[in-house]
Amino acid sequence: MASLVAAPGQIWQDDCYYFDSTTGKCMRKYVLVLAVETKSGDCVTAVFTSKSHGLKENPTCSLGPPRAGYFVGVPGGVLSQPTWVDFSSVTTLDSSDLAMHARNGRKKLLEFALPQPVFCAVLRCVLQSEDIALREARWIADTVAALHCP
């Protein structure tokens, strides 16, 4: 089996992103890869949400309060509603965990991506957020440079 490699801009479907104790079911989320550390393959991710809970459509880059995120509009495909990238969900995902989850079917790579100008705008916005660690900010800044984001 070929090794799994995450790349900035990929969108993953996570069929068990969190457990809903009221229903007893795993809940699905769509996860955006913001950046990947070149040596380890670990990645910085954030989830998409269609529930604004204080996020705004205008301006598209919302740094809070009450929440920080980026409004990506209605991207299409599985993201068929007004959608934000939620910066409170930014986390680092170990490359071996991603590979294990993909092997057991929990995570699936979607054949869908945000247009590069939108992805670059998300990256520029998240770099201003207080929701990211210094290490994550470095990886995201490296991605901004590699993509030649304006």
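Predicted model, so just to flag it, every value in this text is computed and none were measured.

(A) The arrangement of the overall build of the protein chain in detail. Summing up its helical and strand segments, the protein chain has three helices and seven strands in all. Listing every helix and strand of the protein chain by position from the N terminus yields β-β-β-β-β-β-α-β-α-α. Against the 2.2 N^0.38 benchmark of 15 Å for 150 residues, the protein chain shows a C-alpha radius of gyration of 15 Å, consistent with a compact globule. When the backbone C-alpha atoms are referred to their principal axes, the protein chain occupies close to 40 × 40 × 25 Å. Across the 150 residues that make up the protein chain, the buried fraction comes to 42%. Excluding contacts between residues fewer than 6 apart, the proportion of contacts in the protein chain whose partners are at least 24 apart in sequence is 57%. Per element, the accessible surface of the protein chain, about 8100 Å² overall, is 55% carbon and sulfur. Charge-centre separation for the protein chain: the mean point of 14 positive side chains lies 3 Å from the mean point of 14 negative side chains.

(B) Summary view of the environment of Ala-7. Residue placement: Ala-7 occurs in the segment before β1 (11–20). Note on Ala-7: relative accessible area 28%, which makes it partly exposed. For the pair Ala-7 and Leu-123, spaced 116 residues apart in sequence, the C-alpha separation works out to 14 Å. Excluding its chain neighbours within four sequence positions, the residues that come into contact with Ala-7 are Val-33 and Val-36.

(C) Expanded view of unusual backbone geometry. A cis amide bond, omega 5°, links Asn-58 with the succeeding residue Pro-59. Looking along the chain, the bond that leaves Pro-65 and enters Pro-66 is cis, with omega of 5°. Secondary-structure assignment places Pro-66 in the loop between β4 (61–62) and β5 (69–73). Positioned with a positive phi, His-53 is a non-glycine residue whose angle comes to about 40°.

(D) Focus on the packing of aromatic side chains. Across all of its chains, the model carries one aromatic pair by this definition. Relative to Trp-84, the ring of Phe-71 lies with its centre 5.0 Å away and its plane at 50°, an arrangement referred to as tilted. Of the two residues, Phe-71 is situated in strand β5 and Trp-84 in strand β6 (residues 83–93); the sequence distance between them amounts to 13 residues. With respect to class, Phe-71 is no different from Trp-84; both count as buried.

The rules we used
Residues numbered from 1 in each chain as written. Predicted model: local features only at pLDDT ≥ 70, side-chain atom pairs only at ≥ 80, totals over all residues. Heavy atoms only, no water. Helix = DSSP H or I, 4+ residues; strand = E, 2+ residues; numbered from the N terminus. Rg over C-alpha atoms; globule rule 2.2 N^0.38 Å. Buried < 20%, exposed > 50% of the residue type's maximum accessible area, 1.4 Å probe, protein only. Contact = heavy atoms within 4.5 Å. Areas by Shrake-Rupley, 256 points an atom, 1.4 Å probe, with all protein chains shown as cover. Lys, Arg positive; Asp, Glu negative; His and termini not counted. Charge placed at Lys NZ, Arg CZ, Asp CG, Glu CD. Phe/Tyr/Trp six-rings, centres within 6.5 Å; stacked < 30°, edge-to-face > 60°.

Taken by themselves, the reported measurements are silent on function.
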